[in-house]
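Breakdown of the fold
Residue strings, one per chain:
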Amino acid sequence: MARRFPLAGLLRLRHAEQDRAAAGLAAANERLRDAADARVTARRSLADGPGAQAVQDAAMLSAVAAARAATRGMLEELDAVVQSRRVEAERAQEAYTAARRASRGLEKLEEHHVAATTAEELRTEQNALDEIAARNRTEGGAR
């Protein structure tokens, strides 16, 4: 009967930590994509604003200038948000990498345990077969 891997509980814990880290990484990447998309939308809005030919009087020119200034301010805020989200995503990636490394170390130990246990079982089985064969030879030779 195969011996159980003594660190199986710890390996399950490491896998759970890895799964949590992967979920955190996915969420951080999603937030980063959302911020980047909002930034692209704001840039398009700034670029697609009314052209000079659409401005007909000073009031409209003031309104266009105010809208562009507000959009530029929003772009600066979005740039800061994107940068912050990028840092969050990098931290999440580092956390996932660390969790994966911890899991992988235990997985390698488990692989070695399985290989050693299998080799031990095969050795025990071979010894039993050798003993049976030796017994059959001695019994067969005595006849």
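Below, the structure is looked at part by part. Model, not experiment: these values are computed from the prediction.

1. Here's the deal with the overall build of the chain
Within the chain, the regular secondary structure consists of two helices and zero strands. C-alpha atoms of the chain, sized along the principal axes, occupy 125 × 25 × 15 Å. Sorting the 143 residues of the chain into buried and exposed places 17% on the buried side. For the chain, the share of sequence-separated contacts (at least 6 apart) that also reach a separation of at least 24 residues comes to 86%. If you sum the accessible surface of the chain, you get close to 10300 Å²; carbon and sulfur atoms cover 56% of it. Taking the 23 positively charged and 22 negatively charged side chains of the chain as two groups, their mean positions are separated by 2 Å.

2. As for the environment of Asp-19
Looking at the secondary structure, you find Asp-19 in helix H1 (residues 8-47). Residue Asp-19 is classed as exposed on the basis of its relative accessible area of 53%. Considering only alpha carbons, one finds Asp-19 and Arg-100, 81 residues apart in sequence, at a separation of 9.1 Å.

3. Here's the deal with the environment of Ala-67
Relative to the elements of secondary structure, Ala-67 occurs in helix H2 (residues 58-142). A relative accessible area of 41% means that Ala-67 is categorised as partly exposed. Taking the C-alpha atoms as reference, Ala-67 lies 8.5 Å from Leu-46; in sequence the two are 21 residues apart.

4. Points about a nonpolar patch on the surface
A surface patch of nonpolar side chains, amounting to about 300 Å² of accessible area, comprises Leu-7, Leu-10, Leu-13 and Leu-109. Structurally, Leu-13 can be placed in helix H1. Residue Leu-13 is classed as partly exposed on the basis of its relative accessible area, which comes to 40%.

5. Here's the deal with the nonpolar core
Core analysis: the largest hydrophobic core is formed by seven residues, namely Leu-25, Ala-28, Leu-32, Ala-35, Val-82, Ala-89 and Ala-92. Of all the elements in the fold, those that place two or more residues in this core are H1 and H2. Residue contributions to this core peak at four residues, all from H1. Sequence-distant contacts of Ala-35, defined by excluding residues within four places in its chain, comprise Val-81, Val-82 and Arg-85.

6. Focus: the pattern of salt bridges
Tallied over the entire structure, the rule returns nine salt bridges. Note that Arg-39 and Asp-79 form a salt bridge whose closest N and O atoms lie 2.2 Å from each other. In this pair, Arg-39 sits in helix H1 while Asp-79 sits in helix H2, placing the two residues 40 residues apart along the sequence. For Arg-39, a relative accessible area of 26% puts it in the partly exposed group. Each of Arg-100, Arg-104, Glu-107 and Glu-111 takes part in a single network of salt bridges with overlapping partners.

The rules behind the values
- Residues numbered from 1 in each chain as written.
- Predicted model: local features only at pLDDT ≥ 70, side-chain atom pairs only at ≥ 80, totals over all residues.
- Heavy atoms only, no water.
- Helix = DSSP H or I, 4+ residues; strand = E, 2+ residues; numbered from the N terminus.
- Buried < 20%, exposed > 50% of the residue type's maximum accessible area, 1.4 Å probe, protein only.
- Contact = heavy atoms within 4.5 Å.
- Areas by Shrake-Rupley, 256 points an atom, 1.4 Å probe, with all protein chains shown as cover.
- Lys, Arg positive; Asp, Glu negative; His and termini not counted.
- Charge placed at Lys NZ, Arg CZ, Asp CG, Glu CD.
- Patch = residues over 30% accessible without salt bridge, like charges linked within 9 Å, V, L, I, M, F, W, Y side chains within 5 Å.
- Salt bridge = Lys/Arg side-chain N within 4 Å of Asp/Glu carboxyl O.
- Core = buried A, V, L, I, M, F, W, Y, C linked by side-chain atoms within 4.5 Å.

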